[in-house]
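If you want the building blocks of each chain, they are given just below.
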Amino acid sequence: MKRPMQPYTGLQCTQCHRFFPEEAPLGKCPKCQGLLDTLLDETALSHYSKRQLENDTRSMWKFHMFLPVKAGTIPVTAGEGDTPLRPVKSFPHLRNIWVKDETRNPTGTFKDRGASLAVTRLSQLKIRKLVLASEGNAGCSFALYSQMAGIRCHVYLPSDANNAKVELSKKLGAQVTKVKGTISEAGRYAANAAEKTGAYNASTFVTPFRHDGKGTMALEICEQRGWESPDCVVYPVGGGVGLVGMWKMFKILYSLGWIRKRPRIIAVQPTGCAPVVDAYNKGRMEVPEWLGPGF
Ligand SMILES: Cc1ncc(COP(=O)(O)O)c(C=O)c1O
Ligand SMILES: [Zn+2]
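Now for a look at the structure at hand. (Residues numbered from 1 in each chain as written. Chains lettered and ligands numbered in written order. Predicted model: local features only at pLDDT ≥ 70, side-chain atom pairs only at ≥ 80, totals over all residues. Heavy atoms only, no water.)

Here strand β10 (residues 232-236) shows a clear split, with Val233 and Tyr235 buried on one side and none of Cys232, Val234 and Pro236 buried on the other. Where β10 and strand β11 (residues 264-268) come together, 5 bridges link them in parallel fashion. Bridged to proline 236 within β11 is valine 268. Following the chain from β10 across helix α7 (residues 241-256) to the adjacent parallel β11, one finds a crossover that is right-handed. (Buried < 20%, exposed > 50% of the residue type's maximum accessible area, 1.4 Å probe, protein only. Helix = DSSP H or I, 4+ residues; strand = E, 2+ residues; numbered from the N terminus. Pairing = 2+ DSSP bridges. Right-handed = clockwise from strand over helix to strand, strands pointing away.)

This is the structure we're talking about:
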């Protein structure tokens, strides 16, 4: 049987809606600095059936047709994804709660999904150096996949970042710089470094190649539930990459007719650092930098 074509077509700006067929390694929109999103041709995607999912691929890459890569791509993979969905027994009065155990990923978090995808696409686009800002987890993930792909990786972290994560990033071959201040300050350092050295900035919501990787959690959750979507997904939001990626994949599955309803998605943040929840409750479209509760 003829294999259907890969549905990925290119990048589109979420602000000015310009389309980029994407043979250059873009970050934000070159015209208006808006965020770019990856575009899938849903007609091409509809030629795939659930049965065609490569069940012998034990990673998120079994869903390669949903990912922004070209046909025949050999992924930079360490077996990320394909994580268990476990029933939660600790709240007997709340039945039917499930946890997606993302600690099973190669470096212990779902950041591996975004990093495997981004490094795969960036190595195809001939990137040799990348930088990013991280609280620790994404740094470890990008260190691992960059090392596998022979890409130089420089991670900028706030000075209070988890030291075990800093050490692991170094062991995985990344250059690490601790920055006084918060993750926002680390983000400014990463952006400056990218501008000065020509490195690619793979930070959250600068690169368009991370959120679809985390979106594979939505694909796996639906498959693990026999293609029945959950009523509700509760997600611990930092930058929001996973929330956006899963929302997009649930929407695509719904429009393909693979699931019959889309779940409610609830963003959760700790009270000590809740900029997204705070902005949402105040009806703001922008999320200002978090200065602490009550500011
Ligand atoms: C363990 C963990 N949970 C949640 C998040 C938030 O992820 P996102 O950027 O997808 O909102 C992060 C990273 O920021 C993380 O490392
Ligand atoms: Zn634009």
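Before going further, it helps to spend a moment on the environment of tyrosine 145. Topologically, tyrosine 145 is positioned in helix α3 (residues 137-149). Tyrosine 145 gets classed as buried once you look at its relative accessible area, which sits at 0%. Between the alpha carbons of tyrosine 145 and lysine 89 there is a distance of 35 Å; along the sequence they are 56 residues apart. Here tyrosine 145 is in contact with Val76, Thr77, Ala78, Glu80, Pro106, Asp112, Ala115, Ser116 and Val119, once residues within four sequence places are set aside. (Contact = heavy atoms within 4.5 Å.)

Within the element layout of this structure, serine 229 appears in the loop between α6 (211-224) and β10. Serine 229 gets classed as buried once you look at its relative accessible area, which sits at 2%. There is a polar contact of 2.6 Å between the side chain of serine 229 and the backbone oxygen of lysine 261. Discounting chain neighbours no more than four positions away, the residues touching serine 229 are Cys222, Ile259, Lys261, Arg262 and Pro263. (Polar contact = N/O pair within 3.5 Å; in protein donor to acceptor, adjacent residues only side chain to side chain.)

Quick look at the coordination of the zinc ion (ligand 2) now. For the zinc ion (ligand 2), the protein coordination sphere consists of Cys13 (SG), Cys16 (SG), Cys29 (SG) and Cys32 (SG), at 2.3 to 2.4 Å. Considering all 4 donor atoms around the zinc ion (ligand 2), the spread of angles at the metal, 98 to 117°, places the coordination shape in the tetrahedral class. Counting residues between consecutive donors of the zinc ion (ligand 2) along the chain gives the motif C-x2-C-x12-C-x2-C. With cysteine 13 in strand β1 (residues 8-13) and cysteine 32 in the loop between β2 (19-20) and β3 (36-40), this pair connects stretches of sequence that are 19 residues apart. Classification of cysteine 13 as buried rests on a relative accessible area of 1%. (Donors = N, O, S within 2.8 Å, 3.2 Å for Na, K, Ca; no water. Tetrahedral: all angles 85-135°; square planar, octahedral: opposite > 155°, others 65-115°.)

Moving on to the site of ligand 1. Around ligand 1 lies a shell formed by Phe110, Lys111, Asn137, Lys214, Tyr235, Pro236, Val237, Gly238, Gly239, Gly240, Val241 and Gly242. At 3.2 Å from an oxygen atom of ligand 1 is found a main-chain nitrogen or oxygen belonging to glycine 239. Contacts to ligand 1 include glycine 242, whose backbone N or O atom sits 2.8 Å from an oxygen atom. Mapped by element, the contributors of at least two residues to the shell around ligand 1 are β10 and α7. (Near = heavy atom within 4 Å.)

Time to look at a nonpolar patch on the surface. The grouping of Phe91, Leu94 and Ile97 at the surface amounts to a nonpolar patch, some 240 Å² of accessible area in total. Examined against the element boundaries, leucine 94 turns out to sit in the loop between β4 (85-87) and β5 (98-100). Using a relative accessible area of 39% as the deciding quantity, one classes leucine 94 as partly exposed. (Patch = residues over 30% accessible without salt bridge, like charges linked within 9 Å, V, L, I, M, F, W, Y side chains within 5 Å. Areas by Shrake-Rupley, 256 points an atom, 1.4 Å probe, with all protein chains shown as cover. Salt bridge = Lys/Arg side-chain N within 4 Å of Asp/Glu carboxyl O.)

Moving on to the pairing of β1. In the sheet, β1 pairs with β3 via 5 bridges, with the strands oriented antiparallel. Across the sheet, glycine 10 pairs through a bridge with leucine 39, a residue of β3. The pairing of β1 with β2 spans 2 bridges and is classified as antiparallel. Across the sheet, residue glutamine 12 finds its bridge partner in β2, namely phenylalanine 19. What sits between the antiparallel neighbours β1 and β2 is a turn of 5 residues, in which histidine 17 has the positive phi angle 65°.

We now examine the pattern of salt bridges. For the structure on display, the rule yields 16 salt bridges. Residue aspartate 101 is joined to arginine 104 by a salt bridge in which the shortest nitrogen-to-oxygen separation is 3.9 Å. Classification of aspartate 101 as buried rests on a relative accessible area of 12%. When its relative accessible area of 53% is taken as the criterion, arginine 104 is described as exposed. Overlapping salt bridges bring together Lys100, Glu102, Arg113 and Glu220 as one network.

With that settled, the discussion passes to the packing of aromatic side chains. Inspection of the entire model under this criterion finds 5 aromatic pairs. Pairing phenylalanine 66 with tryptophan 258 gives two aromatic rings, centres 5.7 Å apart and planes at 80°, and the pair type is edge-to-face. Separated by 192 residues along the polypeptide, phenylalanine 66 in the loop between α1 (42-45) and β4 and tryptophan 258 in the loop between α7 and β11 bring together distant segments of the chain. Exposure class is identical for phenylalanine 66 and tryptophan 258. Each is buried. Pairing tyrosine 156 with tyrosine 189 gives two aromatic rings, centres 6.2 Å apart and planes at 35°, and the pair type is tilted. Here tyrosine 189 lies in helix α5 (residues 183-197) and tyrosine 156 lies in strand β7 (residues 152-158), a separation of 33 residues in the sequence. Taking relative accessible area as the criterion, tyrosine 189 reaches 40% and is therefore assigned partly exposed. Put simply, the rings of Phe63, Phe66, Trp227 and Trp258 touch in pairs and so form one group of aromatic residues. (Phe/Tyr/Trp six-rings, centres within 6.5 Å; stacked < 30°, edge-to-face > 60°.)

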